[in-house]
Amino acid sequence: MGTLALEPALSRLDLLAKPVAAALEVWPVEAPVDGDQVMVAPIDASLADTAAFCEAYGIRLDESANCVIVAGKRDGVTRYAACVVLATTRADVNGVVRRHLDVRKASFAPMEEAVQLTGMEYGGITPIGLPKDWPLLVDARIGAQPHVIIGSGVRHSKIAIAGPALGALPNAIVIDGLAREITPA
């Protein structure tokens, strides 16, 4: 995977946020890959943002996935979901995600809120180790990828994982059309 120096994540828990490490230690038996097949690589934290990361480490955008936290309110209660989409796409927040959350309006959760609720660093939030009561919405394109690069919960590393494994995470719902292709400017 590009120039990443990948190692089994279970042997490098120091490269993961605490909730991510805890989730890997209780990896789902039904996942299409074993926990020891989840890999991690250290990176320069200043290059954690997707475009800079991909360019610096020789990763294609269609091999990189982003995890965004979305929030919406219903009856005074905030509902959250995490969405995992390829870097070549954008989550349909006010269409598919809004309907899934059953809220009138959905938007990206404020940075401080996302960081506090996930226990992860902004720019490193990952679908592994999220709060147990949140739905994890995974774009179907992810499952078609033999492997994807995702955050590790911190900005100084990235995880490499088989695309289909993300759809097997707790609370994961694979959705066709969760994201739309980004049209080049």
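In this convention, every chain numbers its residues from 1, walking through the sequence in written order. Only residues with pLDDT of at least 70 get local features here, since the model is predicted, and only at 80 or more are side-chain atom pairs given and counted; chain-wide, interface and lining totals rely on the full set of residues. Calculation of side-chain values draws on the structure's entire complement of heavy atoms; hydrogens and water are dropped beforehand.

### Things to note about the overall build of the protein
Counting from the N terminus, the helices are the DSSP runs of H or I reaching at least four residues and the strands are the DSSP runs of E reaching at least two. Within the protein one finds six helices and eleven strands. With the radius of gyration taken over C-alpha atoms, the globule rule is written as 2.2 Å times the number of residues to the power 0.38. What you see for the protein is a C-alpha radius of gyration of 15 Å, in line with the 16 Å of a compact globule of 185 residues. Overall, the protein is about 45 × 40 × 30 Å in size when its C-alpha atoms are taken along their principal axes. The 185 residues of the protein split such that 48% are buried. Contacts are assigned to residue pairs that have any heavy atoms within 4.5 Å of one another. Contacts spanning at least 24 positions in sequence make up 69% of the contacts within the protein whose residues lie at least 6 apart. For the protein, the accessible surface area stands at approximately 8,900 Å², while carbon and sulfur atoms represent 53% of it. Only four residue types enter the tally: Lys and Arg on the positive side, Asp and Glu on the negative side; His and the chain ends are excluded. All charge positions are set by atom: Lys at NZ, Arg at CZ, Asp at CG, Glu at CD. Of the side-chain charges in the protein, 16 are positive and 21 negative, and the distance between the mean point of each set is 10 Å. Each residue gets one of three labels from its accessible area relative to the maximum for its type: buried under 20%, exposed over 50%, partly exposed in between, using a 1.4 Å probe on protein chains only. The method behind every accessible area is Shrake-Rupley, applied with a 1.4 Å probe, and residues are considered shielded solely by the protein chains displayed.

### Describing unusual backbone geometry
If a residue is not glycine, its phi is most likely negative; likewise, a peptide bond is most likely trans. Not every positive phi belongs to a glycine, and Asp75 is a case in point at roughly 55°. Checked against the element boundaries, Asp75 lands in the loop between β3 (65-74) and β4 (77-86). Positive phi, close to 55°, is recorded for Asp102, a residue that is not glycine. Its place among the elements puts Asp102 in the loop between α3 (93-101) and β6 (106-108).

### Describing the sheet that holds strand β7 (residues 136-139)
A strand pair is defined by DSSP finding two or more bridges across the two strands. Within the open sheet, the five strands sit side by side as β6-β3-β4-β7-β10. Their pairing is mixed. Taken across any chain shown, the strands that pair with only one partner, and hence form the sheet edges, are β6 and β10 (172-175). Neighbour-to-neighbour, the strand axes of the sheet open up by a mean angle of 30°, direction not taken into account. Where β3 and β4 come together, ten bridges link them in antiparallel fashion. Paired with Ile69 across the bridge in β4 is Ala82. Fitted lines through C-alpha atoms give the axes, limited to the stretch in contact for helices. The angle between two N-to-C directions lies from 0 to 180 degrees.

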